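Structural overview
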Amino acid sequence: MRVGIMGGTFDPIHYGHLVTAEAARVELELDEVVFVPTGDPPHKAYAVTEAKHRYLMTVLATLTNPYFSVSRVDMDRDGKTYTIDTLRDLRTVYGPEVELFFITGADAILEILTWKNPEELLRTCVFVAASRPGHSLDRLQEVLGELYTNNKDRIRLLQVPALAISSTDVRERVASGRPIRYLLPETVAYYIAKAGLYREHNSGSVGHNTTEDPVTD
Ligand code: NAP
């Protein structure tokens, strides 16, 4: 069995994440892709939205794809979220026979040396580095050096259809009242509005009332 792991802050999840996961599933013949929203990510400079909201948005976004599921392993673990712990937990869930593929953007793979236990990371799973507009994977050898030379077969490159959507842009659009239609699934847009996420004075609580329709307005 071959399982893809799509780790992300997903603040919020958008079509860039979904297209990348689906491209990896098809290209690498994965049996399933499990989305893993981070708990407390050590690498984010801004105050990340509460994990329960990011988890629920990820569930809504992945609902219609029978090959996609969502795991709470990162949210349910105390402390900062390190990918090595994600992989150890999922290895326990899936067992030793399953081949794990960690799907990540080109930026992230170039930074893997700064992550906790990079060599163990590459022993535990195959890294799938997805490229998108403006990003090149040519620098892998130069940046990772021996780690790349010794693990070439553990790092796979994946070309993903061009989608320049980013979570930062979605948050800024909501804060300034600009549309987010077609950037992410409608269900996620409705959740963002209902929970009052990403507004200037963000309540962050589910049940926040709004008279605007996030999809049609
Ligand atoms: P994110 O911002 O939510 O993005 C999730 C993934 O989707 C990233 O790999 C990102 O690639 C990619 N992506 C975003 N927009 C895309 C688009 N339009 N088209 C294609 N791909 C797109 O999550 P993140 O904060 O980068 O975290 C990713 C994972 O790395 C998480 O599981 C996190 O725990 C892990 N991580 C671990 C450590 C550590 O262990 N020390 C440090 C950092 C991250 P880009 O990176 O290229 O944007």
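Residues numbered from 1 in each chain as written. Predicted model: local features only at pLDDT ≥ 70, side-chain atom pairs only at ≥ 80, totals over all residues. Heavy atoms only, no water.

Core analysis: the biggest nonpolar cluster contains 34 residues, and Ile13, Val33, Phe35, Met57 and Ile192 have the highest contact counts within it. Mapped by element, the contributors of at least two residues to this core are α1 (15–27), β2 (32–37), α2 (51–62), β4 (99–105), β5 (126–131), α9 (167–175) and α10 (186–195). In terms of residues, this core owes the most to one element, α10, which gives five residues. Those residues within four positions of Val33 in sequence are excluded, and the remaining contacts are Gly4, Met6, Ala21, Arg25, Tyr67, Phe68, Ser69 and Ile103. (Core = buried A, V, L, I, M, F, W, Y, C linked by side-chain atoms within 4.5 Å. Buried < 20%, exposed > 50% of the residue type's maximum accessible area, 1.4 Å probe, protein only. Helix = DSSP H or I, 4+ residues; strand = E, 2+ residues; numbered from the N terminus. Contact = heavy atoms within 4.5 Å.)

This part covers the side chain of Thr9. Relative to the helices and strands, Thr9 is located in the loop between β1 (2–8) and α1. The class for Thr9 is buried, based on a relative accessible area of 9%. Ignoring any residue separated from it by four or fewer positions in sequence, one finds Thr9 in contact with Thr38, Pro41, His43, Lys44, Tyr46, Val48 and Arg54.

Turning our attention to the pairing of β2. Extensive coverage of β2 is indicated by the burial of six of its six residues. Both faces of β2 are covered, namely the face carrying Glu32, Val34 and Val36 and the face carrying Val33, Phe35 and Pro37. Pairing of β1 with β2, which is carried by six bridges, proceeds in the parallel orientation. Pairing of Val3 across the sheet is with Glu32, part of β2. In this fold, β1 hands off to α1, which returns the chain to β2; that crossover is right-handed. Two strands pair when backbone bridges link them, and β2 and strand β3 (residues 68–70) are joined in this way by three bridges, in the parallel orientation. Paired with Val34 across the two strands is Ser69, which belongs to β3. Following the backbone out of β2, through α2 and into the adjacent parallel β3, one traces a crossover that is right-handed. (Pairing = 2+ DSSP bridges. Right-handed = clockwise from strand over helix to strand, strands pointing away.)

Relative orientation and spacing of two packed helices are given, respectively, by the angle between their axes and the distance between those axes. Direction vectors running N to C along α2 and α10 enclose 155 degrees, while the axes themselves pass 9 Å from each other. Judged by the inter-axis angle, α2 sits roughly antiparallel to α10. Handedness of the crossing formed by α2 with α10: right-handed. Between α2, through His53, Leu56, Met57, Leu60 and Ala61, and α10, the contact on the second element is made entirely by Thr187, Val188, Tyr191, Ile192 and Ala195. (Axes fitted to C-alpha atoms, helices over the stretch in contact; angles between N-to-C directions. Parallel < 35°, antiparallel > 145°, perpendicular 65-115°, else oblique. Left-handed = near helix turned anticlockwise from the far one by under 90°.)

This part is about the sheet that holds β5. Across the sheet, six strands lie side by side as β3-β2-β1-β4-β5-β6; this open sheet has parallel pairing. Single-partner strands in this sheet number two, and they are β3 and β6 (155–159). Looking at each pair of strands side by side, their axes are set apart by 30 degrees on average, direction ignored. Seen against the sheet, α1 touches β1, β2, β3, β4, β5 and β6 and runs at an angle of roughly 145 degrees to β2.

Aromatic ring pairs are reported here in terms of the distance separating the ring centres and the angle at which the planes meet. With the rule as written, the count across this model stands at five aromatic pairs. By way of ring pairs, the aromatic residues Phe10, Phe35 and Phe68 are connected into one cluster. The aromatic ring of Tyr67 is capped on one face by Arg25, whose charged end is 3.8 Å from the ring centroid. (Phe/Tyr/Trp six-rings, centres within 6.5 Å; stacked < 30°, edge-to-face > 60°. Lys NZ or Arg CZ within 6 Å of the ring centre and 35° of its normal.)

A separate point is helix α4 (residues 83–94). With 12 residues, α4 ought to run about 16 Å at 1.5 Å a step, and its terminal C-alpha atoms sit 16 Å apart, in line with that. What α4 keeps buried is the set Thr83, Ile84, Asp85, Thr86, Leu87 and Leu90. Against the buried residues of α4 lie β1, β2, α3 (73–76), β4 and α6 (118–124). Once α4 finishes, Gly95 follows within two positions and takes phi at roughly 90 degrees, a positive value. (Expected span 1.5 Å × (residues − 1).)

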